Amino acid sequence: MALQQTTARVIPDRLLGPIGRSAIRWETLLLALSAAIFFANALASPYFLDIWNLSDATFNFTEKAIIALALAFVVMAGEIDLSVSGTIALASTAMGEAASAGFGTPALVAVGLGVGAACGLVNGVLITRLGLPSIMATIGTMSLYRGLSYLALGDGVLKDYPASFGWFGQGYVWQALSFEFACFLVLAALAGLVLHRTVFGRAVRAIGNNAFAARFSGLAVDRIRLILFLLTGLAAGLATVMLTSRLGSTRPSIALGWELDVVTIVVLGGVSIQGGSGTIPGVVLAAFVLGLVTYGLGLLNVPGIIMSIVIGAMLIGTIALPILAGRILAARRRP
Amino acid sequence: MSGALQINHPSDAEPAALPPPRLELRGIVKHFPGVRALDGVDLVLRPGRVTALIGENGAGKSTLVKILTGIHRPDAGEIRVGGRPVSFASPQDAQDARITAIHQETALFDELTVAENIYLGHAPKTRLGFVDWSAMRARATALLYGLDAPIRPWTRLRDLSIAQRHLVAIARALSIDSEIVIMDEPTAALSHKEVDDLARVIERLKGQGKAILFISHKFEELYRIADDYTVFRDGRSVGAGRMDEATHDELVRLMVGRSVDQVFPKVPATLGEPVLEVSGLCHPTEFDAISFTLRRGEILGLYGLVGAGRSELCQALFGATTPSAGTIAVEGRRVAIRSPADAVRAGIVYVPEERGRHGAVLAMPVFENVTLACLGAVSRHGFIRSAEEFRLARHYAERLDLRAASLAQPVGTLSGGNQQKVVIGKWLAAGPKVVILDEPTKGIDIGSKAAVHAFMSELAGQGLAVLMVSSELPEILGMADRVMVMREGRMAGLFERAGLTAETLVAAATGNIQARSDQP
């Protein structure tokens, strides 16, 4: 009897179909939330649905969202990088100095990306080669990078950027589609493909879930971690190019406090802070949610302090709600 | 304590002369989403007697323990303690009913002392309400003395061995004056001598009239320790009775519905050319001058006491630790193994002892675990091909007779035996030449054991070389072509299968005789 059972057993691939799986996802909740905010905004303000206004709104979050795409991989692998705002300060300072020395636009972009990548590489080496915990290493480099920027600039401002440099932060690719936002969309698609469809993405998730078992499965855990920090630095470098181009100037206080906004996008996007689970669509939706809320409240002339209260409450609410709902359901299921 | 309570059954005892049950379960049912964990099980525990709970992994033993300790509530059925029906809403209720469980990994606190662990939550208090440390130490000392345990109450727990921790857990059970003691695989990590000590402690508890539920996969112990048995299969009780009236074969048949000789399906091996040649391998602290050759089709058993350096040797072969001297050659070519990735590339794979920590990624689904070490084979240009991935996972799941609801089920929700099958499947999918298995059947049931053993034989038959670390003598004697014994990090002997006895191996492992080799 038992033997018959074992030979005839067929194990299905999955128990839930694609619709069943997507119905219970965090991303579905985020999608509903962003749709709700969108409609609320459209009802509350007549200016909201204007295509140029919407395009303007994307500038508020696109640079942060680009970093969040890279940071999502780091968090998925069970690590954190808090140094991104410091990286922006240092990279922007380097670009400003290069511009003062008379370098042209292509060289400036290369400097921004290069310094960003170098900062990421330093983080990665500290964490994978010296074995520092990433939270400590990157809190350290956060101060270090910005400190270097202050050392170079003091209270000064660098603004000798060539006119053609402005395109990266202010230019449009097609109609109201800005270069920044187009870049974000392309990178989001790329990040989604890499995380969800490639060997690399699978390895990142395995490391975040159980780094021991990943190593014992023959994955090059440290090399992958190093690459993730390097990519995050590179993303911060790209964000630096865009932000500096948009502002047209560099001060050492540039992008102060951005690391928290970036982490907020990643966490609201459903990436587990302990590593191992999360999706790129979730991160993209979280960026939209935060962007839409900020923009909508801005159109309604809500002051900044109230705005931060609303965002804080929303963050706690979205995370607490599913937990509360789960408890209520569990309590009801019990006799 | 009440040592006068003599209930140890005399040889002429009739079943009618048994003491009334302390604990009685009738028709317990427990469903989890998608799983029928318990489907009407019965169980009786009597004071002064040890009842063995026997069953494959996944038969419902752990669920039953969780119900008895108030962690889960049954969907249907009746629990009676001392004849009165009870229901446990929380672990506290179970403790109030004087039920204690000693788990495989009992929740004790490493940084606290032995006495603090024993009295955590019910420490003796002074009149002012402070912890009465001297009373606590005195009582802990008395308890440990009563268990014949040479442990000082003020030692920190992290400094104790696993066996000593068990004794502390037992002392804790006694300190709350439990009448019903559940021991869930207490001997899984114990050496022979430690099991002897535990048996003596259990004898004492019996003398005090405790009703004991004893869960173990090792029949040898069950016959020594238990008075009665209950067998679970697929969430049902399929048999119960007195241990001395049941033969080993009967119990195994009840458990799995198959016979014993299927547990060690050893196929006579035809040995081929050498695959793995290890020579003079040394580690700064763990082992010294290890040399051996592993041939195609061979299963080499690696036996020794816990701490003899066997796992450390395996991990060095797998690149998880770095040896200080010596060479490793695969198929005649010397290989430098500095990381597990190097080892996998060289064709050496390792099924670790700690499945949950080193073997499987518990939160990830079955199919992702199976393909984790061979992602290159199911991908093109770095992109994973989902259909091929599922095909490969299904192939190994079916070959290993995996019991899972679906391939997308997280590995952590499978039973221990099935988790092990996933880990083994992962390595087979990587196409290895040498498979190192570290305690491959530790803590898994006979059914899964038989599946793992059959598979081991099949692998050897296909020309793989297998290095199997095991502390279970029947497994070593049943499966290995040759046996290497390690003692204190050194080779203590290499024995051929023919005419090998358990006594020889134990003597070599403990150093009671001079190390002997089959080569003159």
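Residues numbered from 1 in each chain as written. Chains lettered and ligands numbered in written order. Predicted model: local features only at pLDDT ≥ 70, side-chain atom pairs only at ≥ 80, totals over all residues. Heavy atoms only, no water.

**Student:** Lay out the pairing of strand 3 (residues 50-55) of chain B in plain terms, naming residues and giving numbers.
**Tutor:** Residue and element names in this part refer to chain B. Counting buried positions along strand 3 gives six out of six residues, so the element sits mostly inside the fold. Burial of the side chains of strand 3 extends over both faces: V50, A52 and I54 are buried on one face and T51, L53 and G55 on the other. One ladder, built from five bridges, connects strand 3 with strand 9 (residues 228-233); its direction is parallel. Residue T51 lies in a different strand from strand 9, and its bridge partner there is D228. (Buried < 20%, exposed > 50% of the residue type's maximum accessible area, 1.4 Å probe, protein only. Helix = DSSP H or I, 4+ residues; strand = E, 2+ residues; numbered from the N terminus. Pairing = 2+ DSSP bridges.)

**Student:** Tell me about the interface of chain B and chain A, residues and numbers included.
**Tutor:** Across the contact, 43 residues belong to chain B and 27 residues belong to chain A. Roughly 3,200 Å² of surface becomes buried between chain B and chain A when both sides are summed, with 59% attributable to carbon and sulfur atoms. Counting the contacts that link chain B with chain A gives four salt bridges. Close ionic contact of R205 of chain A with E368 of chain B constitutes a salt bridge, the shortest N to O distance being 2.7 Å. If you look at where chain B meets chain A, you find twelve residue pairs in polar contact (both at pLDDT 80 or more). Listed by contribution, the elements that provide at least two residues to the side of chain B that touches chain A are helix 10 (340-346), helix 11 (355-359), helix 12 (366-370), strand 18 (383-384), helix 13 (386-399) and helix 14 (416-429) of chain B. Residue classes in the side of chain B that touches chain A are distributed as 26 nonpolar, eight polar and nine charged. (Contact = heavy atoms within 4.5 Å. Buried area = accessible area lost by both parts, 1.4 Å probe. Salt bridge = Lys/Arg side-chain N within 4 Å of Asp/Glu carboxyl O. Polar contact = N/O pair within 3.5 Å; in protein donor to acceptor, adjacent residues only side chain to side chain. Nonpolar A, V, L, I, M, F, W, Y, C, P; charged D, E, K, R; others polar.)

**Student:** Any details on the domain arrangement of chain B? Residues and values, ideally.
**Tutor:** Residues and elements named next belong to chain B. In terms of domains, chain B is made up of domain 1 (1-98 + 180-257), domain 2 (108-177), domain 3 (272-347 + 434-441 + 450-515) and domain 4 (355-431). On a C-alpha basis, the centroid separation for the pair domain 3 and domain 4 is 25 Å. The interface is formed by twelve residues belonging to domain 3 together with seven residues belonging to domain 4. Here domain 3 packs against domain 4, burying approximately 840 Å² in sum over the two surfaces, 72% of which is carbon and sulfur. On the domain 3 side of the contact with domain 4, V344, V452 and F455 bury the most area, a combined 47% of that side's loss. Along the contact surface separating domain 3 from domain 4 lie one salt bridge. Of the charged contacts in the structure, one is a salt bridge between E458 and R399, with a shortest N-O distance of 3.2 Å. Here domain 3 and domain 4 share two residue pairs in polar contact (both at pLDDT 80 or more) between them. Looking at the side of domain 3 that touches domain 4 element by element, the count peaks at five residues for helix 15 (residues 446-461). (Domains from an automatic or database assignment.)

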